[in-house]
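# Per-entry structural report
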Amino acid sequence: MSMIIDRRSSGTRSTANQNRLNRRVRARLKVAVEKMARSGSIEDLANADQPISIPTRDLHEPSFRRDLSDTSWERVLPGNKEYQRGDKISKPEGGGSGKGREGSPDGLGNNEVAIVLSADEFLDLLFDGLALPNLLKTVPGDIQADQWRRAGFIKDGSPSRMHVGRTMRAARARRLALRAGKRRELQDLLDARDILQEEIHGRLAQKQDVSVERERLSELNRQIAALERKIKAIPFIDEADLRFAHIDQQPHLITNAVMFCVMDVSGSMGEKEKDLAKRFFLLLYLFVHRHYQAVQIIFIKHHSTASECSEQAFFGAREGGGTLVSPAIALTEEIMRQRFPPERWNVYLAQVSDGDNYFADNAVVEEHLMRLLPRLRNLFYLEVNRDSESDLLQLYEAIAQDFPELITARASEREDIYPLFRTLFATEETPSHV
């Protein structure tokens, strides 16, 4: 039975300290990113490639240092001609210079460091630990598609796919295997030559004939030279050593999911209300596109009427008019019926409004929701910038008693949006009212 023993180094003595340092840096970066998400502008969230400042306190790697307070510690200062051992240096007269510490030219404090994160790194920290709730990854009848994936290594392939590490490893193994027997044979010949040379020296000291021994020595030298040439002739890399990364099309199931984003753009939605709504939907848009490749997003804006629109028109909407919520719910229901049947799709609905709605329309909204909710994975309703609960929110809360997939929330300031977003999409189960 063969055994494989991994003798590679598991790291240096400072590896554990470096890992702890990396965890501290990541934790502080996460705090800084979350702070930006709470109070930064929408443009800051959309453009993630920007410096993020974090405090440098305790970010140095731990190491052993001499205790300067230890009286037994001595220093030798070169060039000293004035003081002797044991002398005390008096405090300079005049105190300090009276000047404060200079400010940092780049706007950072002396105890801060700026780190530029890529867009991917920023979003990874921003949405760490979040996921779409109740997502079924094996919906009956999922579409099967082919995806290019790595499938090991092969000996033939395109030069652009040559794997240098694997190639060098195979070449080294071949050289060791081919040289091992020849090196043992060479060592035997070298040992035999040493013995023969000692024998020749002994016979010469006794003034005996060494002609036979010299012929044997010449033959040994020829064999050694020929064997050394063979060892040197072993190529550093042979064609048989080449290894190429192989990719292959492998079938996989696509999880079908769609997110409906419904935003109120009526006249009652002022600039603050729209800013809160767009902030929530931007986080949702970035989150879905970052973590789920097969999730489609449908944008619907409404006032007294509802319409499907592009993401540019959705985030740049500046409309007015009266408010009716039922057309948006009805349009969602119609689009889902035509393009996203719930037996094949995970359907989510996120709705943001200030809660103003024509009172008689609430009954129509309830009628649509009672048909729609059994076919939804989740419905998130966010009411923005209201001092008290609207009649629409109270209607949603009453329906949520029978449909736990309906989750309601309220937000009044931009700082409320990101913590609320993390609560809605945390991997743990969330309450029906935030």
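Every value quoted in this text rests on a predicted model; they were computed, and no experiment measured them.

Looking now at the overall build of the protein chain. Along the backbone of the protein chain there are 11 helices and 10 strands. Burial analysis of the protein chain (434 residues in total) assigns 34% to the buried set. Residue pairs in contact within the protein chain that sit at least 24 positions apart in sequence constitute 82% of those at least 6 positions apart. As displayed, the protein chain offers around 27300 Å² of accessible surface, 50% of which is attributable to carbon and sulfur atoms.

Here helix H6 (residues 271-291) spans 30 Å end to end across 21 residues, near enough to the 30 Å set by a 1.5 Å rise per residue. Of all 21 residues in H6, 15 are buried, a share of seventy percent or more.

For lysine 207, which is not a glycine, the phi torsion comes out positive at approximately 55 degrees. In this structure, asparagine 385 takes a positive phi of about 55 degrees despite not being glycine.

Remark: a regular strand shows side chains that alternate across the two faces of the sheet. Where burial is concerned, most of strand E8 (residues 346-353) is hidden: 8 out of the 8 residues are buried. Where burial is concerned, the two faces of E8 agree: the one with Asn346, Tyr348, Ala350 and Val352 and the one with Val347, Leu349, Gln351 and Ser353 are both buried. By the bridge criterion, 7 bridges tie strand E5 (residues 257-264) to E8 in an arrangement that is parallel. Bridging from a neighbouring strand, valine 258 pairs with valine 347 of E8. The pairing of E8 with strand E9 (residues 378-384) spans 6 bridges and is classified as parallel. The residue of E9 that forms the bridge with alanine 350 is phenylalanine 380. Viewed along the sheet, the connection from E8 through helix H9 (residues 361-372) into E9 turns out right-handed.

The next thing to look at is the confidence of the model for the protein chain. When the pLDDT values of the protein chain are averaged, the result is 79; 76% of them are 70 or greater. pLDDT under 50 marks residues 103-107. Its contacts with residues more than four places away, or in other chains, come to 0 contacts.

What follows concerns a negative patch on the surface. Residues Glu185, Asp188, Asp191, Asp194 and Glu198 make up a contiguous surface patch of negative charge. Position of glutamate 185 among the secondary structure elements: in helix H4 (residues 164-205). Relative accessible area serves as the criterion here: at 45%, glutamate 185 is assigned to the partly exposed category.

Turning to the packing of helix H3 (residues 119-126) against H6, a few remarks are in order. In the contact formed by H3 and H6, the axes pass within 11 Å of each other and the chain directions differ by 105 degrees. Judged by the inter-axis angle, H3 sits roughly perpendicular to H6. Seen from H3, the contacting residues are Asp120, Leu123, Asp124 and Leu126; seen from H6, they are Leu283, Leu286 and Arg290. For the contact of H3 with H6, the residue count by class is 4 nonpolar, no polar and 3 charged.

For the rest of this paragraph, the subject is the pattern of salt bridges. Taken as a whole, this structure holds 12 salt bridges when the rule is applied. Between aspartate 275 and arginine 414 there is a salt bridge, and its shortest N-O distance comes to 3.8 Å. Placement of aspartate 275 in helix H6 and of arginine 414 in the loop between strand E10 (406-411) and helix H11 (417-424) is noted, with a sequence separation of 139 residues between them. Take aspartate 275: its relative accessible area is 22%, and that puts it in the partly exposed class. Between arginine 386 and glutamate 383 there is a salt bridge, with its nearest N and O atoms 3.9 Å apart. The exposure class of arginine 386 is partly exposed, given its relative accessible area of 25%. Note on glutamate 383: relative accessible area 1%, which makes it buried.

What follows concerns H11. Residues separated by three or four positions in an α-helix point in the same direction, a consequence of the helix having 3.6 residues per turn. Taking burial as the measure, the 8 residues of H11 include 6 buried ones, the bulk of the element. Of all the residues in H11, the buried ones are Ile417, Tyr418, Leu420, Phe421, Arg422 and Leu424.

In this structure the tally under the stated criterion is 17 aromatic pairs. Plain terms: the ring middles of phenylalanine 280 and phenylalanine 281 are 5.7 Å apart, the flat faces sit at 70 degrees to each other, and that makes the pair edge-to-face. Phenylalanine 280 sits in the buried class, given a relative accessible area of 1%. Between tyrosine 285 and phenylalanine 299, the ring centres sit 6.2 Å apart and the planes meet at 40 degrees, which makes this aromatic pair tilted. Residue tyrosine 285 is found in helix H6, and its partner phenylalanine 299 is found in strand E6 (residues 295-302); the two are separated by 14 residues along the sequence. Of the residues examined, tyrosine 285 reaches a relative accessible area of 18% and is grouped as buried. Each member of the aromatic cluster is reached from another via a ring pair, and the members are Phe127, Phe280, Phe281, Tyr285, Phe287, Phe299, Phe314, Phe315, Phe380, Phe421 and Phe425. Stacked on the ring of phenylalanine 236, the Lys or Arg arginine 175 has its end atom at 4.2 Å from the ring centre.

The next point concerns the pairing of strand E7 (residues 306-309). Two strands pair when backbone bridges link them, and E6 and E7 are joined in this way by 4 bridges, in the antiparallel orientation. Bridged to lysine 301 within E7 is serine 307. Counted along the chain from E6 to the antiparallel partner E7, the turn is 3 residues long.

This part takes up the sheet that holds E7. In space, the 6 strands of this open sheet follow the order E7-E6-E5-E8-E9-E10, with mixed pairing throughout. Strands at the two margins of the open sheet, each flanked by one partner only, are E7 and E10. If you compare each strand with its neighbour and ignore which way they point, the axes differ by 20 degrees on average. Of the strands in this sheet, E9 and E10 touch H11, which is tilted by about 165 degrees from E10.

Analysis parameters
Residues numbered from 1 in each chain as written. Predicted model: local features only at pLDDT ≥ 70, side-chain atom pairs only at ≥ 80, totals over all residues. Heavy atoms only, no water. Helix = DSSP H or I, 4+ residues; strand = E, 2+ residues; numbered from the N terminus. Buried < 20%, exposed > 50% of the residue type's maximum accessible area, 1.4 Å probe, protein only. Contact = heavy atoms within 4.5 Å. Areas by Shrake-Rupley, 256 points an atom, 1.4 Å probe, with all protein chains shown as cover. Expected span 1.5 Å × (residues − 1). Pairing = 2+ DSSP bridges. Right-handed = clockwise from strand over helix to strand, strands pointing away. pLDDT = per-residue confidence, 0-100. Patch = residues over 30% accessible without salt bridge, like charges linked within 9 Å, V, L, I, M, F, W, Y side chains within 5 Å. Salt bridge = Lys/Arg side-chain N within 4 Å of Asp/Glu carboxyl O. Lys, Arg positive; Asp, Glu negative; His and termini not counted. Charge placed at Lys NZ, Arg CZ, Asp CG, Glu CD. Axes fitted to C-alpha atoms, helices over the stretch in contact; angles between N-to-C directions. Parallel < 35°, antiparallel > 145°, perpendicular 65-115°, else oblique. Nonpolar A, V, L, I, M, F, W, Y, C, P; charged D, E, K, R; others polar. Phe/Tyr/Trp six-rings, centres within 6.5 Å; stacked < 30°, edge-to-face > 60°. Lys NZ or Arg CZ within 6 Å of the ring centre and 35° of its normal.

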